Amino acid sequence: MTPAQTIAIGAALLAGGLWLQLPRGATRGRWWGMVLAAVGIGILASLLLTIQRAHPVAETVFFAVAVTTVVSAVGAVTMRSPVYCALWFALTLVGTAALLLFQGAQFLGMATMVVYAGAILVTFLFVLMLAQPEGHTYYDRVSWEPVLAACTGAVLIGLLTASIFLPTEGVRQSGWKFDAVTAVTTDARQQEILDPDHMAHLGGQLFSRYLVAVEVAGTLLLVALVGAVAIVMHGEQKRGGRAPSSGAVAGGGGRVLPEVGHG
Amino acid sequence: MDEVQLLERYLFIGALLFGIGMVGFVSRRNMIVMFLAAEMMLQGVSLSLVAWGRFRNDWGGQILVIFILTVAACEAAIALALVLMLYHRSGKLDVAFWQTVREANQPRYVDHELPDEPLTVEHWPTLPPAGVEPVHSVEETIHRSHV
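Q: Describe the overall build of chain A, with residues and values.
A: Within chain A, the secondary structure is distributed over 12 helices and 0 strands. Along chain A, helices and strands appear, N-terminal first, in the series α-α-α-α-α-α-α-α-α-α-α-α. Put simply, chain A has 263 residues, and 29% of those count as buried. Long-range contacts, defined here as pairs at least 24 residues apart, represent 65% of the contacts in chain A between residues at least 6 apart.

Listed below in structure tokens is the structure:
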């Protein structure tokens with residue numbers, strides 16, 4: 001089978017699996033969706049992943065983390081209940097952090113855990129607690145165009161797989177001897193990006209070469225802070241200066257509602 | 001482990017996260033879940049960037065991911081404020097509620113009737129009673145200030 005056919009079959013199975021798992025009003029066939037998606041991803045991965053028997057421990061760790069990440073990512077976008085989505089997304093974040101650590105990006109691994117899982121995700125759950133009504137709502141049980149969405153995603157993943165696979169095919173044939181291309185030796189990598197003084201190097205780069213960008217990012221954070229406060233204040237004034245009450249859960253009564261049903 | 005293979009694996013996982021996140025973003029209707037899916041796309045990009053950075057022996061990839069984290073934090077602040085405002089106006093997190101702002105030539109999206117979900121009996125964990133219940137003193141019950 002040619003690589004193109006393999007990619008097409010894998011992407012098609014992935015599309016079917018994603019479609020079966022997405023909320024579409026029925027819960028029938030979700031397990032089949034899981035199986036199909038797993039097989040599709042496996043077929044796509046079979047092009048790329050050749051298991052290296054020389055490092056059994058590293059391989060086991062890598063595959064365990066990678067599978068956890070991808071499975072929880074699928075769970076995060078397909079669960080009916082938004083709380084489950086958030087919890088699966090937390091697992092994705094843990095997996096991503098582990099993958100970053102596996103690459104030697106220690107600071108980013110920890111920052112992902114602290115910033116994403118610690119701050120952003122908790123804020124999510126906070127908003128969900130404020131806003132989520134009991135049980136599965138109608139809009140959690142259906143999706144926009146699940147067939148088209150799954151197909152688009154699968155085509156994108158298939159094309160990306162092809163664009164990763166094709167340039168390195170020659171390397172694969174030659175048994176993974178590729179160092180001449182980057183001209184980066186293992187020693188150079190050990191002294192630079194895999195240096196034990198990881199933070200010192202990263203901080204040095206951040207505050208010398210990228211100093212202006214750091215200042216801009218700080219300004220951006222300030223602007224976002226002011227913006228968030230302004231949005232909330234504006235909404236308060238629109239509602240006549242009343243504090244946001246939990247009565248909004250019922251929805252409707254006397255609030256500013258956009259016109260639905262026209263046009 | 002061979003560096004090319006490592007790069008290839010990380011790019012593949014990054015592509016998967018990005019694609020799955022995109023499917024979630026375009027298909028889900030809950031605004032918070034859409035937002036989660038967008039964050040997942042950012043995660044996929046971050047993985048690819050770090051992999052490239054290691055492959056090229058360059059710090060640029062990791063630095064860029066730090067800025068992605070910054071932008072994601074800003075995005076979270078703004079988006080959650082917006083979601084809360086929209087929720088206060090409409091009473092739901094449904095993004096289809098706001099379809100009045102669509103293009104004039106687009107047809108209106110009509111919800112179909114769904115059968116009710118079958119009722120499932122939830123089994124919540126319960127704690128077994130431990131020890132003997134102490135004797136409550138009447139004094140204490142009477143004099144306790146009501147909070």
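That was the structure; now back to the text.
Q: Break down unusual backbone geometry for me, citing the residues and quoting the values.
A: A positive phi is found at A:Glu145, a non-glycine position, where the angle reads about 40 degrees. Its place among the elements puts A:Glu145 in the loop between α6 (138-141) and α7 (146-165). A:Glu145 sits in the partly exposed class, given 14 other C-beta atoms within 10 Å. Phi is positive for B:Asn57, close to 55 degrees, though the residue is something other than glycine. Looking at B:Asn57, the number of C-beta atoms within 10 Å reads 18, which means it is partly exposed.

Q: So what's going on with the interface of chain B and chain A? Residues and values would help.
A: At the interface, 76 residues of chain B touch 97 residues of chain A. At the level of secondary structure, the elements contributing two or more residues to the side of chain B that touches chain A comprise α1 (3-27), α2 (31-56) and α3 (60-90) of chain B. With 23 residues, α3(B) is the single largest residue contributor to the side of chain B that touches chain A. Split by residue class, the side of chain B that touches chain A holds 47 nonpolar, 15 polar and 14 charged.

Q: For the packing of helix α3 (residues 56-78) of chain A against α1(B), give the residues involved together with the corresponding values.
A: Where α3(A) meets α1(B), the axes come as close as 9 Å, and the angle between the chain directions of the two elements is 10 degrees. Here α3(A) is positioned roughly parallel relative to α1(B), judged by the angle of their axes. Between α3(A) and α1(B), the residues in contact are A:Ala66, A:Thr69, A:Val70, A:Ala73, A:Val74 and A:Val77 and B:Ile13, B:Leu16, B:Leu17, B:Ile20, B:Gly21, B:Val23 and B:Gly24, respectively. Partitioning the contact of α3(A) with α1(B) into residue classes produces 10 nonpolar, 3 polar and no charged.

About the criteria used
Residues numbered from 1 in each chain as written. Chains lettered and ligands numbered in written order. Predicted model: local features only at pLDDT ≥ 70, side-chain atom pairs only at ≥ 80, totals over all residues. Helix = DSSP H or I, 4+ residues; strand = E, 2+ residues; numbered from the N terminus. Buried ≥ 20, exposed ≤ 12 C-beta atoms within 10 Å, placed from the backbone. Contact = placed C-beta atoms within 7 Å. Nonpolar A, V, L, I, M, F, W, Y, C, P; charged D, E, K, R; others polar. Axes fitted to C-alpha atoms, helices over the stretch in contact; angles between N-to-C directions. Parallel < 35°, antiparallel > 145°, perpendicular 65-115°, else oblique.

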